[in-house]
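# Commentary on secondary and tertiary structure
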Amino acid sequence: MLGLAKRVGARFLLTSTSEVYGDPLEHPQKETYWGNVNPIGVRSCYDEGKRTAETLTMDYHRGAGVEVRIARIFNTYGPRMCINDGRVVSNFVAQALRKEPLTVYGDGKQTRSFQFVSDLVEGLMRLMDGEHVGPFNLGNPGEFTMLELAGVVQETIDRNAQIEFRPNTADDPHKRKPDISKAKELLGWEPKVPLRKGLPMMVQDFRQRIFGDNKEDSSSFSSA
C-alpha cells in the first residue's frame, strides 16, 4: 500500500494501535513513549506488526516523500461491531444480553480506555485533513478497570448479571490510558461521548442483531 501511495501520489493513513506501547511503564501514554513490548510473546505478532508498520510508514515518508498520517487507536466500541470478535466490550455486552456470566480475566483491576466509534471517525478525518504526520493518540482518556466496565454493563443491561473470573492471558497490559494533549493542540480533537452514553447505543444494536429481525436492516446495509 505504501508503494501504491508512492506511485499515485496519495496520502497514506496508517491505523496503528495503542498496543505499540505494550505493557506500559509510563502512564498515561504519550506518543513520545517507546513502549514496553515482549518481542517473542503471545501478543507480539500484533504488537510488533504494528510497530513495524509505523517504521515502514515513516521510512517511506522520509525516504520517498510519501505523505503519511499515523493514528494510534485506543479501544473503540460502538454499533455494528462483530458480536463475537473477542473484544472486551463486545464480550460483556453479548454475554449480558444472553444471560451469561461476564468473563473477567485475572483480578479485573487492569485498566483500559474506551472511545465511541463516532469520536474515532472524527479524529481520523481531522488527521487526514490536517498537515501533521503524527503519530497521534486517538482514544478516550476516561479510564476503567475491567470490573468497573463490567459494572457499567450491568447497569445498562442487567444488574443481576454474574461475573466469572478466569486466569489472565499472557502479557496482558496492566494499564492503558492515552495522553491526547497532542491531538487536542494540533488537531483540535477530543472525544465527546462518555462510556455511559455510548454503551446504550451499542447495546441497542447488539440486542436487535442477537434477538431481533434484521431482514430490513440487512437489505439496507447491502444496498448502501
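Residues numbered from 1 in each chain as written. Predicted model: local features only at pLDDT ≥ 70, side-chain atom pairs only at ≥ 80, totals over all residues. Heavy atoms only, no water.

An unreviewed UniProt entry lists the protein under the name UDP-glucuronate decarboxylase, from Datura stramonium. Quoted verbatim from the Cofactor (unreviewed entry) heading of the UniProt record, the comment on the protein is "NAD(+)". In UniProt, the protein has this text filed under Pathway (unreviewed entry): "Nucleotide-sugar biosynthesis; UDP-alpha-D-xylose biosynthesis; UDP-alpha-D-xylose from UDP-alpha-D-glucuronate: step 1/1." (UniProt positions renumbered as here; feature names shortened; annotations may be inferred.)

## Topic: the sheet that holds strand β7 (residues 136-138)
The three strands are arranged β1-β2-β7 in an open sheet whose pairing can be described as parallel. Every other strand in the sheet has two partners, leaving β1 (12-17) and β7 as the edge strands with one partner each. The sheet shows a mean angle of 30° between the axes of neighbouring strands, taken without regard to direction. One ladder, built from six bridges, connects β1 with strand β2 (residues 68-73); its direction is parallel. Bridged to T17 within β2 is I73. Strand contacts of helix α2 (residues 44-64): β1 and β2, with the helix running at about 150° to β1, the strand carrying the most contacts. Sheet contacts for helix α4 (residues 117-129): β1, β2 and β7; angle to β2, the most-contacted strand, approximately 160°. (Pairing = 2+ DSSP bridges. Helix = DSSP H or I, 4+ residues; strand = E, 2+ residues; numbered from the N terminus. Axes fitted to C-alpha atoms, helices over the stretch in contact; angles between N-to-C directions. Contact = heavy atoms within 4.5 Å.)

## Observations concerning unusual backbone geometry
P28 follows H27 through a cis peptide bond whose omega is -10°. Position of P28 relative to the elements: it lies in the loop between β1 and α2. Cis peptide bonds are those with omega within 30 degrees of zero, and the linkage from G134 to P135 qualifies with 5°. Here P135 is to be found in the loop between α4 and β7. Its identity is not glycine, yet K99 carries a phi of approximately 65°, on the positive side. In this fold, K99 is placed in the loop between α3 (88-97) and β4 (102-105). Positive phi is not limited to glycine here, since D171 has a value of about 60°. Topologically, D171 is positioned in the loop between β9 (163-166) and α6 (181-187). A relative accessible area of 37% means that D171 is categorised as partly exposed. (Buried < 20%, exposed > 50% of the residue type's maximum accessible area, 1.4 Å probe, protein only.)

## What about a nonpolar patch on the surface?
There is a patch of nonpolar side chains on the surface, built from M1, L4 and V8 and spanning about 340 Å² of accessible area. Position of V8 among the secondary structure elements: in helix α1 (residues 2-8). (Patch = residues over 30% accessible without salt bridge, like charges linked within 9 Å, V, L, I, M, F, W, Y side chains within 5 Å. Areas by Shrake-Rupley, 256 points an atom, 1.4 Å probe, with all protein chains shown as cover. Salt bridge = Lys/Arg side-chain N within 4 Å of Asp/Glu carboxyl O.)

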